[in-house]
Amino acid sequence: MIIATTIKEVREQVAAWKREGLTVGLVPTMGYLHEGHASLVDASVKACDRTVASVFVNPTQFAPGEDLEAYPRDFERDCRILTEHGCDMVFHPAVSEMYYEDAATFVEIQSEMPKQLCGQTRPTHFKGVTTVVAKLFNICTPDKAFFGEKDAQQLAVIRRMVRDLAFGIEIVGCPIVREEDGLAKSSRNTYLNPEERQAALCLSKAIFAGKAMAEAGEKNADAIVAAMTEIVKAEPMAVIDYISAVDGVTMMPVTEIKGNTLFAMAVYIGKTRLIDNFSVEA
Ligand code: PAF
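Residues numbered from 1 in each chain as written. Predicted model: local features only at pLDDT ≥ 70, side-chain atom pairs only at ≥ 80, totals over all residues. Heavy atoms only, no water.

Q: Even after reading the chapter, I still don't get the overall build of the protein chain, so can you show me in this structure?
A: Scanning the protein chain from terminus to terminus reveals 10 helices and 9 strands. Relative to its length of 282 residues, the protein chain is compact, with a C-alpha radius of gyration of 19 Å against a globular reference of 19 Å. Reported as C-alpha extents along the three principal axes, the dimensions of the protein chain are approximately 55 × 40 × 40 Å. Among the 282 residues that make up the protein chain, the fraction classed as buried is 50%. (Helix = DSSP H or I, 4+ residues; strand = E, 2+ residues; numbered from the N terminus. Rg over C-alpha atoms; globule rule 2.2 N^0.38 Å. Buried < 20%, exposed > 50% of the residue type's maximum accessible area, 1.4 Å probe, protein only.)

Q: Sorry if this is basic, but what is going on with the side chain of glutamine 154 here?
A: Note that glutamine 154 resides in helix α7 (residues 152-164). Ignoring anything within four residues of it in the chain, the contact list for glutamine 154 reads Phe126, Val129 and Phe147. (Contact = heavy atoms within 4.5 Å.)

Q: Please clarify how the site of the ligand should be interpreted in this entry.
A: In the vicinity of the ligand, the contacting residues are Pro28, Thr29, Met30, Asn58, Gln61, Val132, Val133, Phe147, Asp151 and Gln154. The fraction of the free accessible surface of the ligand (290 Å²) that becomes covered by protein chains is 89%. When contributions to the shell around the ligand are tallied by element, the ones reaching two or more residues are β2 (24-29) and α6 (125-140). (Near = heavy atom within 4 Å. Areas by Shrake-Rupley, 256 points an atom, 1.4 Å probe, with all protein chains shown as cover.)

Q: Please clarify how the sheet that holds strand β9 (residues 272-281) should be interpreted in this entry.
A: Paired through backbone hydrogen bonds, the strands of a sheet run either parallel or antiparallel to each other. Here we have 3 strands laid out as an open sheet, ordered β7-β8-β9, and antiparallel in their pairing. The open sheet has two edge strands with one neighbour each: β7 (238-247) and β9. Ignoring strand direction, the axes of neighbouring strands in this sheet form an average angle of 15°. Direction of pairing for β7 relative to strand β8 (residues 260-269): antiparallel, over a ladder of 9 bridges. Residue pairing for β8: valine 239 is matched across the bridge by tyrosine 268. Taken strand by strand, helix α9 (residues 201-215) contacts β7, β8 and β9, and its axis lies near 10° from that of β9. (Pairing = 2+ DSSP bridges. Axes fitted to C-alpha atoms, helices over the stretch in contact; angles between N-to-C directions.)

Q: Would you take a moment to explain the pairing of β2 for this structure?
A: As a general feature of sheets, a regular strand has side chains that alternate between the two faces. Within β2, 6 of the 6 residues are buried, leaving the element largely enclosed by the surrounding structure. Across the two faces of β2 the burial is the same, with Val24, Leu26 and Pro28 and Gly25, Val27 and Thr29 all buried.

Q: Looking at this structure, how should I read the sheet that holds strand β3 (residues 50-55)?
A: Strand order in the open sheet made by the 6 strands is β1-β4-β3-β2-β5-β6, with parallel pairing throughout. Of all strands in the sheet, those with a lone pairing partner are β1 (2-4) and β6 (170-174), marking the two edges. The mean inter-strand angle of the sheet, taken between neighbouring strand axes irrespective of direction, is 25°. The pairing of β3 with strand β4 (residues 89-91) spans 3 bridges and is classified as parallel. Paired with valine 52 across the strands is methionine 89, a residue of β4. Across the sheet, helix α3 (residues 75-84) is in contact with β1, β3 and β4; its angle to β3 comes to roughly 165°. Across the face of the sheet, α6 comes into contact with β2, β3, β4, β5 (144-148) and β6 while running at roughly 150° to β2.

Q: Explanation requested: the side chain of threonine 272 in the structure shown.
A: Here threonine 272 shows up in strand β9. Overall, threonine 272 belongs to the buried group, its relative accessible area being 5%. Setting aside its immediate chain neighbours within four residues, threonine 272 contacts Arg188, Tyr191, Leu192 and Val267.

Q: What is the right way to read the pattern of salt bridges from this model?
A: When the charged atoms of two side chains with opposite charge come close together, those side chains can pair. For the structure shown, the criterion picks out 13 salt bridges. The residue lysine 144 makes a salt bridge to glutamate 170 at a minimum N-O spacing of 2.9 Å. Here the residue lysine 144 occupies a position in strand β5, and glutamate 170 occupies one in strand β6, the gap between them amounting to 26 residues. Residue aspartate 241 pairs with arginine 273 through a salt bridge whose shortest N-O separation is 2.9 Å. Taken together, the positions of aspartate 241 in strand β7 and arginine 273 in strand β9 put the pair 32 residues apart, joining distant regions of the chain. Of the two residues, aspartate 241 and arginine 273, both sit in the buried class. A single salt-bridge network, built from bridges that share partners, covers Glu35, Glu179 and Lys185. (Salt bridge = Lys/Arg side-chain N within 4 Å of Asp/Glu carboxyl O.)

Q: What exactly am I supposed to notice about the pairing of β3 here?
A: Burial within β3 is extensive, with 5 of its 6 residues counted as buried. Taken together, the 6 bridges between β2 and β3 define a ladder with parallel strand orientation. Bridge pairing in β3 links leucine 26 to valine 52. Read as a crossover between parallel neighbours, the route from β2 over helix α2 (residues 35-47) to β3 is right-handed. Handedness of the crossover joining β3 and β4 through α3 is recorded here as right-handed. (Right-handed = clockwise from strand over helix to strand, strands pointing away.)

Q: Hey, could you run me through the nonpolar core in this one?
A: One broad trend across soluble globular proteins is that nonpolar side chains are buried collectively. Ranked by size, the top nonpolar core spans 45 residues in total, and within it Phe137 and Ile171 carry the most contacts. When residues in this core are grouped by element, the largest group, 9 residues, is from α6. Residues contacting phenylalanine 137, with those up to four places away along its chain left out, are Leu26, Pro142, Ala145, Phe147, Ile158, Met161, Val162, Phe167, Ile169 and Ile171. With 26 residues, the next largest nonpolar core counts Leu183, Ala200, Ala206 and Leu274 among its residues. (Core = buried A, V, L, I, M, F, W, Y, C linked by side-chain atoms within 4.5 Å.)

See below:
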């Protein structure tokens, strides 16, 4: 696997592949990879001739006081996982390679969409995500890019950016990967101590219960959200940020299941903020 740290190296390698007529898949990550990331690499390797993964803890998507410095990092281990899964090149830039000190250009969706759900408590987060992802798209010029459905709002925001700015890149959403006991895989799960790890199961329990209600024909989104909320509230270590039902494309709140509906939650277990979701089609 090629390890590239500069934009120039990535551009030259991707251009060489394109001259050979090969297609390129991009898997953007912040590293500390788990099976969820590996499933994105697998999907890209299957769908594209060449796969590039980026490993970059993007400072612009963290607000002051969030976990930028504490965010787990292990680039050697990431490289082993990427190699095992058939990734062809990893892009691991320094912050100075990605952002000029006086960088003043950002990509921001100016609608209610990024203000919903996670945007309520992380108002600058999606501006950082769209900016870095747009930049990664410009650097790697992939044919397809692969994102996890666990970050459902991020996926919706990126689809919107790609549509609005005519990126000409196919965005592929990949299913949530869970631990055996149901907890959605996340790099942030490493923050949990054993007691918190047990308490964190209230998220997936609520997700599975809500999904079962929807699959049994319940159309009242508020009733499903109420049932999910009750399950999370029964866990003394859990503090709810939000549990909401929204339109799967616009991210705007809904009270009835219509079309694609997303049930999403963010819950603090101790200091760790975890997210999970499911979606249903009416
Ligand atoms: O989902 C992530 O890990 C990040 O938000 C992303 C898409 C790599 C942008 O930094």
